[in-house]
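# Coordinates in review
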Amino acid sequence: MPGSPHISLQRNSVRAVMLKVLAALVPGVIVHAWVFGPGIWVSLLVCTAFAYLFEALALAMRNLPLKPFLTDGSVLVTAWLLALSMPTLLPWWIYAVGMLIAVLVAKHLYGGLGQNLFNPAMVGYAALIVSFPMYMNLWPAPVSVASHTPNLMEAFDLVFAGQGAVSPDAYTAATPMDAVRAHVRAGGRAEEIARESFKLIGKETLVLTYLLGGVLLLATRVITWHIPVAFLAGVTVTAGVLYGLDPARYADPLFHLVTGSTMLGAFFILTDPVSASGTPRGKLIYAGLAGFITVLIRTYGNYPDGVAFSVLLMNMAVPFIDAHTQPRVFGEARGRRGGS
Amino acid sequence: MISRETRDIIVNGLWKQNPSLVQLLGLCPLLAISNSVVNSLSLGLATTLVMAVASASVSLVRNFIPHEIRIPTFVLIIAAAVTVVDLLMNAYVHPLYLVLGVFIPLITTNCIVLARVETFASKRSTFNSVLDAVMMGLGLTLVLVVLGALREVGGKGTLFSGLDLALGPAARDWVVTVLPDYQGFLLAILPPGAFIGLGLLIALKNGIEAMRQARRARPVPALQT
């Protein structure tokens with residue numbers, strides 16, 4: 001909790017904030033569709049539909065009014081974040097399970113909007129990657145390298161009817177992170193494959209649009225600079241130290257910044273106002289450590305990306321961080337901890 | 001004719017004071033082993049047997065145990081009962097014994113066994129103590145089996161897999177495939193599934209209690225439109 005004064009202005013209502021976040025995500029979605037094909041539209045649609053279904057169900061079970069909660073856009077942000085951090089073109093029920101866990105378990109079992117200890121979208125993602133690792137590794141290949149990119153109709157078929165005539169091999173590919181990991185395990189040098197995958201993917205464009213969306217959020221004061229800067233610094237420094245120790249085995253910092261969901265995480269996921277730290281110093285610690293853990297999981301772990309797990313781990317530490325980083329209240333003696 | 005006391009003991013063990021849902025005792029094996037019905041049932045029954053033997057022995061000698069050293073004495077008696085069950089399972093259901101592994105010896109440290117011995121068997125008659133131990137054990141077994149069934153159906157889409165470990169190879173065909181062509185939901189099998197599943201069961205029990213209480217508070221149902 002940030003300290004007083006608790007000014008509540010209409011422009012800072014939940015609804016206004018959520019709409020701004022969604023607006024900032026739009027460029028990312030469009031570029032995603034351009035880089036990876038139209039599959040993202042289908043997964044966004046499926047996630048959104050199930051998000052509203054489960055949200056309405058939870059609200060009905062809890063005897064809460066439907067309208068204010070369904071229209072505040074918070075569940076839509078959860079749905080979009082989950083859809084954007086997952087592979088597209090998976091069977092529809094995987095998205096459904098993800099949203100079920102995100103909305104019912106991570107959000108409403110903890111008390112609903114504003115009460116959730118963990119970022120709902122990331123809880124959904126973590127549950128899916130733990131439960132269905134086979135599917136969650138089927139990342140679509142970028143249009144520039146795929147032998148066949150399903151069009152919108154084929155994407156609907158793949159999601160709702162399962163595999164048709166198209167083999168997944170035609171439209172999926174190892175992510176750059178997996179490629180580097182496999183290459184290093186096979187005895188190659190990390191930088192060769194890291195540079196190679198850069199050229200192929202064209203994903204920088206997508207990363208730049210997330211960055212743009214993030215700047216938008218900063219400019220409209222939906223988020224402060226602390227979390228994105230500390231997270232990106234955490235990633236860069238950790239990756240930089242590893243790269244400095246042995247450039248052959250570890251990918252360079254730039255690679256970590258542009259792959260996976262680093263940018264999405266820095267501006268949209270870690271900054272979730274409910275589950276993130278609320279004090280300025282706390283935000284720096286929270287996001288910096290999340291960046292550190294992300295690179296560690298990516299480098300030494302077996303899961304394709306580390307952002308989700310590092311966010312969840314740091315969410316757990318937030319109450320502790322907040323309690324120890326309360327800003328000094330004006331007039332309070334220096335050196336004394338507030339709040340405790 | 002069942003006396004009021006007997007009935008209370010039965011209701012307490014199975015529902016009102018259910019060890020897993022209300023007392024929340026002995027959760028470690030409950031959470032660790034409840035990934036299939038067969039595992040749950042066998043560990044539940046083994047625990048029940050230990051509880052019955054331990055409670056019977058303690059209530060028989062309860063007047064001879066010096067108060068100051070009662071806990072070590074109880075633990076020794078429980079450990080003896082566990083050793084018997086451990087050796088029996090090793091001899092007759094060896095494959096199952098291998099699956100349950102360390103959790104059989106660990107029944108010794110299960111809080112629910114010591115809790116019943118300390119709060120009940122050391123103060124009451126032998127008949128009531130055994131009844132209490134068996135009912136508490138069955139209450140635990142019941143929750144274990146329901147949780148095991150939930151996790152097995154949710155995680156693998158089957159029921160009773162591994163029955164052949166207990167009953168020999170002939171039982172291999174008894175596996176019920178509830179959801180054919182199921183992709184598997186690993187989360188239910190992994191430890192988080194146990195915590196989430198137990199949480200849901202506790203919520204269900206509390207929900208039923210709340211509903212019954214609401215009905216009792218309002219004996220005449222309102223029939224207004």
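For the structure, check the block above.
None of the values given here were measured: they were computed from a predicted structure.

How each quantity is defined
Residues numbered from 1 in each chain as written. Chains lettered and ligands numbered in written order. Predicted model: local features only at pLDDT ≥ 70, side-chain atom pairs only at ≥ 80, totals over all residues. Heavy atoms only, no water. Helix = DSSP H or I, 4+ residues; strand = E, 2+ residues; numbered from the N terminus. Buried < 20%, exposed > 50% of the residue type's maximum accessible area, 1.4 Å probe, protein only. Contact = heavy atoms within 4.5 Å. Buried area = accessible area lost by both parts, 1.4 Å probe. Salt bridge = Lys/Arg side-chain N within 4 Å of Asp/Glu carboxyl O. Polar contact = N/O pair within 3.5 Å; in protein donor to acceptor, adjacent residues only side chain to side chain. Nonpolar A, V, L, I, M, F, W, Y, C, P; charged D, E, K, R; others polar. Patch = residues over 30% accessible without salt bridge, like charges linked within 9 Å, V, L, I, M, F, W, Y side chains within 5 Å. Areas by Shrake-Rupley, 256 points an atom, 1.4 Å probe, with all protein chains shown as cover. Axes fitted to C-alpha atoms, helices over the stretch in contact; angles between N-to-C directions. Parallel < 35°, antiparallel > 145°, perpendicular 65-115°, else oblique. Left-handed = near helix turned anticlockwise from the far one by under 90°.

## Some words on the overall build of chain B
Across its full length, chain B carries eleven helices and two strands. In sequence order, chain B lays out its α and β elements as α-α-α-α-α-α-α-α-β-α-β-α-α. Residue burial in chain B is summarised as follows: out of 225 residues, 43% are buried. The contacts in chain B between residues at least 6 apart in sequence include a share of 75% that link residues at least 24 apart.

## Observations concerning the interface of chain B and chain A
Facing the six residues of chain B at the interface are nine residues of chain A. Buried surface at the junction of chain B and chain A, both sides included, amounts to about 630 Å², of which 76% is carbon and sulfur. The tally of links from chain B across to chain A stands at zero salt bridges. Between the two partners, chain B and chain A, sit one residue pair in polar contact (both at pLDDT 80 or more). Within the side of chain B that touches chain A, the residues separate by chemical class into four nonpolar, two polar and no charged.

## A short note on a nonpolar patch on the surface
A contiguous nonpolar patch, built from Leu109, Tyr110 and Leu117 of chain A together with Ile196 and Leu200 of chain B and spanning about 460 Å² of accessible area, is present on the exposed surface. For Tyr110 of chain A, the location among the structural elements is in the loop between helix H5 (92-108) and helix H6 (120-131). Residue classification places Tyr110 of chain A among the partly exposed positions, given a relative accessible area of 41%.

## A closer look at the packing of helix H13 (residues 226-245) of chain A against helix H15 (residues 262-269) of chain A
All names here are of chain A. Closest axis-to-axis distance for the H13/H15 pair is 8 Å, and the angle between their directions is 150°. Regarding the angle of H13 to H15, the classification is roughly antiparallel. Crossing of H13 against H15: the hand is right-handed. Of H15, the residues touching H13 (which contributes Ile227, Pro228, Phe231, Leu232 and Val235) are Thr262, Met263, Ala266 and Phe267. Across the contact of H13 with H15, the residue classes tally to eight nonpolar, one polar and no charged.

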